[in-house]
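Overview (structure and organization)
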Amino acid sequence: MLQIPFLIAFPMYKWYNHTIIHLICYTEVDSLDILDTRAKTPLYLELYRKLCQEIESGKYAVGEKLPSEKEIAEQNNVSRITSKHAMEQLVSEGYVRRFAGRGTFVSSLSGSAVLAETAEESAAPAAQKASKLIGVIMEGMSNDFGAEILMGIEQKCAELDYSAVVKFTYGNEEREAACINELLEAGVSGIVLMCVYDEVYSPVVMKLALDGFPLVFLDRSLKGLAVPFVGTNHLEASRQITGKLLERGHTSLALALFDESHNTSSAEERVVGYVESCLTHNLLCGSKRISLKREDIHRPKPEERARNVQIIREFFNQNPDTTACLALSARVACILLEALSKVENRVQLVAAFDGPRNCIQTPCEFVYVEQDQFLMGKTACTRLVDAVEKREVPMVTYIPHQLIP
């Protein structure tokens, strides 16, 4: 056994102006499994040659499945990129052959491009099945928003003889990256993505888009990325619902939303539509906003709800003349309606996107934009399958909406 030094780097961003602190550690490994990271030969070629030797020595037999790129990287203490390049070299030399959703199989002991019949017979059916598999990544699901989208996707998948794997990000970018990687490992041929929105775009999503992997953005988009979008025209819907408030004689409006740091592109467009509609009616209402704190997407904690009720109470203490509010989402509307039943206010009308079906407290008149979520899901699935099967896909598909009542 040998002791091999390796470095752990700790970037100290705030205090040391990107100074890197290194700690030298030691680990005991089998000398036969060590790759010479100091060699002039690229590391991926070192790994490629090592894998060739293992195949030629019979460690991996013809038709046998190789470990995944991740497993090979971990076994040899190299990066995932290094193992990926080594595997690609094995493919190009004819040692192995890949099948989406099934894995990588040894095709020859000497680099022949002919795959052993046993491997082909066992892997081909799975590969064919995997080509009909798509991924769906959403923020979450509720009766207010999400459930009908998934129903639409499932129905269209059944019509097109596809299957779908569903993942949820819960608004977390790291979770989004993990979901994407899990779906790629499962061999999906494309992904419908309700992307997590942050000040910086996800590098994982950007790479998929730039590599031309079949993607469809659902409900929200990342501006600048050439990825087809399916969803409501949020800008126009916001103009219409705000106009409805103003047509009913309300001149003192407020906009209720979650903290702007959590806003998505759809929320941003709704804000713009609200402000534009107010300006069209010569009203300066855009600055009156109720900025709520983000709550748990599934089970809000009592302290989270109490904090938001207090925010709403303080707003109306400072703005007692407000008579109508626009909530940017069903979840915001539910919080707002609950709070209005507990605080003194003059609000007569609340408008929102999607009716908060789980909120039974309606202390005032309520109107909302109804998005056709079922059609949204079906259309997103159709667009993705078109992309997978190399058909032309429009960059923007708006799904019709209506105002209720």
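This write-up is about the structure you can find in this document. (Residues numbered from 1 in each chain as written. Predicted model: local features only at pLDDT ≥ 70, side-chain atom pairs only at ≥ 80, totals over all residues. Heavy atoms only, no water.)

1. Here's the deal with the overall build of the chain
A tally of helices and strands in the chain yields 13 helices and 16 strands. Looking at the chain as a whole, 46% of its 405 residues qualify as buried. Residue pairs in contact within the chain that sit at least 24 positions apart in sequence constitute 64% of those at least 6 positions apart. Per element, the accessible surface of the chain, about 20,900 Å² overall, is 52% carbon and sulfur. (Helix = DSSP H or I, 4+ residues; strand = E, 2+ residues; numbered from the N terminus. Buried < 20%, exposed > 50% of the residue type's maximum accessible area, 1.4 Å probe, protein only. Contact = heavy atoms within 4.5 Å. Areas by Shrake-Rupley, 256 points an atom, 1.4 Å probe, with all protein chains shown as cover.)

2. Regarding the pattern of salt bridges
When the charged atoms of two side chains lie near each other, side chains of opposite charge can form a pair. A full pass over the atoms with the stated rule returns 21 salt bridges. In this structure, arginine 80 and glutamate 69 form a salt bridge, with 3.8 Å as the shortest nitrogen-oxygen distance. A residue pair is termed long-range when its members are at least 10 positions apart, and arginine 80 in helix α4 (residues 80-93) and glutamate 69 in helix α3 (residues 69-76) qualify at 11 residues. With relative accessibility at 37%, the residue arginine 80 sits in the partly exposed group. What you see here is one network of salt bridges that share partners, running through Glu295, Arg305, Glu338 and Lys342. (Salt bridge = Lys/Arg side-chain N within 4 Å of Asp/Glu carboxyl O.)

3. Points about helix α11 (residues 302-318)
Along its 17 residues, α11 runs 25 Å from first to last C-alpha, staying within 8% of the 24 Å computed at 1.5 Å per residue. Those residues of α11 not exposed but buried are Glu304, Arg305, Asn308, Val309, Ile312, Phe315 and Phe316. Buried positions in α11, seen along its axis, are confined to an arc of 135° and lie on one side of it. Exposed and facing more than 90 degrees away from the buried side of α11 are Pro302, Glu303, Asn317 and Gln318. On the buried face of α11, the contacting elements are β10 (253-258), β11 (289-292), β12 (324-327) and α12 (330-340). (Expected span 1.5 Å × (residues − 1). Arc of directions from axis to C-beta.)

4. A few points about the packing of aromatic side chains
What the rule picks out here adds up to 5 aromatic pairs. Geometrically, the ring pair formed by phenylalanine 229 and tyrosine 398 is edge-to-face, given 6.3 Å between the ring centres and 75° between the ring planes. With phenylalanine 229 in strand β9 (residues 229-231) and tyrosine 398 in strand β15 (residues 396-398), the pair connects residues that are 169 residues apart, well separated along the chain. Between the NZ or CZ atom of arginine 270 and the centre of the ring of phenylalanine 353, over which it lies, the distance is 3.9 Å. (Phe/Tyr/Trp six-rings, centres within 6.5 Å; stacked < 30°, edge-to-face > 60°. Lys NZ or Arg CZ within 6 Å of the ring centre and 35° of its normal.)

5. Thoughts on the sheet that holds strand β13 (residues 349-353)
With respect to topology, 6 strands assemble into an open sheet ordered β11-β10-β12-β13-β14-β16, the strand pairing being mixed. Looking at the sheet topology across the chains shown, the edges are occupied by β11 and β16 (401-404). Averaged over all pairs of adjacent strands, the angle between strand axes in this sheet comes to 15°, irrespective of strand direction. Sheet topology note: the strand β14 (residues 365-371)/β16 ladder contains 4 bridges and is antiparallel. (Pairing = 2+ DSSP bridges. Axes fitted to C-alpha atoms, helices over the stretch in contact; angles between N-to-C directions.)

6. Describing the pairing of strand β5 (residues 133-138)
Of all 6 residues in β5, 6 are buried, a share of seventy percent or more. Both faces of β5 are covered, namely the face carrying Leu133, Gly135 and Ile137 and the face carrying Ile134, Val136 and Met138.

7. Digging into the packing of helix α7 (residues 173-185) against helix α8 (residues 203-210)
Packed helix pairs are characterised by how far apart their axes lie and by the angle those axes make with each other. For the pair α7 and α8, interaxial distance at closest approach is 9 Å and the crossing angle is 40°. Taken together, the axes of α7 and α8 are oblique relative to one another. Along its contact with α7, which presents Glu173, Glu176, Ala177, Ile180 and Leu184, the element α8 presents Pro203, Val204, Val205 and Leu208. For the contact of α7 with α8, the class distribution of residues is 7 nonpolar, no polar and 2 charged. (Parallel < 35°, antiparallel > 145°, perpendicular 65-115°, else oblique. Nonpolar A, V, L, I, M, F, W, Y, C, P; charged D, E, K, R; others polar.)

8. As for unusual backbone geometry
The omega angle of the peptide bond from isoleucine 404 to proline 405 is -10°, so this bond is cis rather than trans. As for its placement among the helices and strands, proline 405 is situated in the segment after β16. Unlike most non-glycine residues, asparagine 282 shows phi in positive territory, near 60°. As for its placement among the helices and strands, asparagine 282 is situated in the loop between α10 (265-280) and β11.

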